[in-house]
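Geometric and topological summary
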Amino acid sequence: MLKTIPILLIFFSINLVDDEVDIEKRGALKRKEITGAIASALKMNSFDLLSSYIPEENELIYLKKHASQKDKYIYDEIDPETFKNQTKENFEIVEEAGIDHQLNWSQTELVDQQEMKKNDYNYTVFMAVQDMNGKTMKLSYDAIKIKEKWFIFQGIRVEQCLTVRKDCPKQ
């Protein structure tokens, strides 16, 4: 019995980098799910709520194996930890811009979502959140489809802040 355990572990490890990458518990079935998660994460100032929507090593390996020659170089250059850290930094920049704009994050609601298709696997998603005082921020992010699931691919960014008096603070 003890001799079969290492063999099973080796099989399991090899299987993770194969075409059958298991991402069933990660990602979103629909892009709108990610948008809702981003709105909630910003409202609660909790980047951790987005962790299952950020590609990790298994998803990036899958992208590298299945990318077209034209796009392959993009995925070859991505380090999973750096990618997650950059996404977190972008999240924090958005949070700070909202605070500078006097947006009350804890009272924000998602008020709009629109999508721009780049191709069947890449979209730019535009979203707007608004607080109870009518202050609005328009944000965007890029979503990528990996094995029938959607992930945040480019970090969250501020598109515009709207009030009656002024635009978004300069960054």
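Residues numbered from 1 in each chain as written. Predicted model: local features only at pLDDT ≥ 70, side-chain atom pairs only at ≥ 80, totals over all residues. Heavy atoms only, no water.

1. Digging into the overall build of the protein chain
- Across its full length, the protein chain carries 5 helices and 4 strands.
- Along the protein chain, helices (α) and strands (β) appear in the sequence α-α-α-α-α-β-β-β-β when read from the amino end.
- Within the protein chain, buried positions represent 38% of all 171 residues.
- Partitioning the intrachain contacts of the protein chain with sequence separation of at least 6 by distance along the chain shows that 59% fall at a separation of at least 24. (Helix = DSSP H or I, 4+ residues; strand = E, 2+ residues; numbered from the N terminus. Buried < 20%, exposed > 50% of the residue type's maximum accessible area, 1.4 Å probe, protein only. Contact = heavy atoms within 4.5 Å.)

2. Brief notes about unusual backbone geometry
- In the Ramachandran plot, Asn45 falls in the positive-phi region, its phi being about 50° despite a non-glycine side chain.
- Looking at the element boundaries, Asn45 is found in the loop between helix H2 (31-44) and helix H3 (57-66).
- What makes Asn45 exposed here is its relative accessible area of 54%.
- In the Ramachandran plot, Lys147 falls in the positive-phi region, its phi being about 50° despite a non-glycine side chain.
- Tracing the sequence through the fold places Lys147 in the loop between strand E3 (136-146) and strand E4 (149-162).
- Accessibility expressed as a relative area gives 29% for Lys147, which makes it partly exposed.

3. Things to note about the pattern of salt bridges
- For the structure on display, the rule yields 8 salt bridges.
- Arg31 is the partner of Glu115 in a salt bridge, and the nearest nitrogen-oxygen pair spans 2.8 Å. In this pair, Glu115 is assigned in strand E1 (residues 109-119) and Arg31 in helix H2, connecting sequence segments 84 residues apart.
- The salt bridge involving Arg157 is made with Asp142; its shortest N-O contact spans 3.0 Å. Of this pair, Arg157 sits in strand E4 while Asp142 sits in strand E3, and the two are 15 residues apart along the sequence.
- Arg157 sits in the partly exposed class, given a relative accessible area of 28%.
- Put simply, Arg26, Glu56 and Glu59 are held in one network by salt bridges that share partners. (Salt bridge = Lys/Arg side-chain N within 4 Å of Asp/Glu carboxyl O.)

The analysis is restricted to geometry; functional conclusions fall outside its scope.
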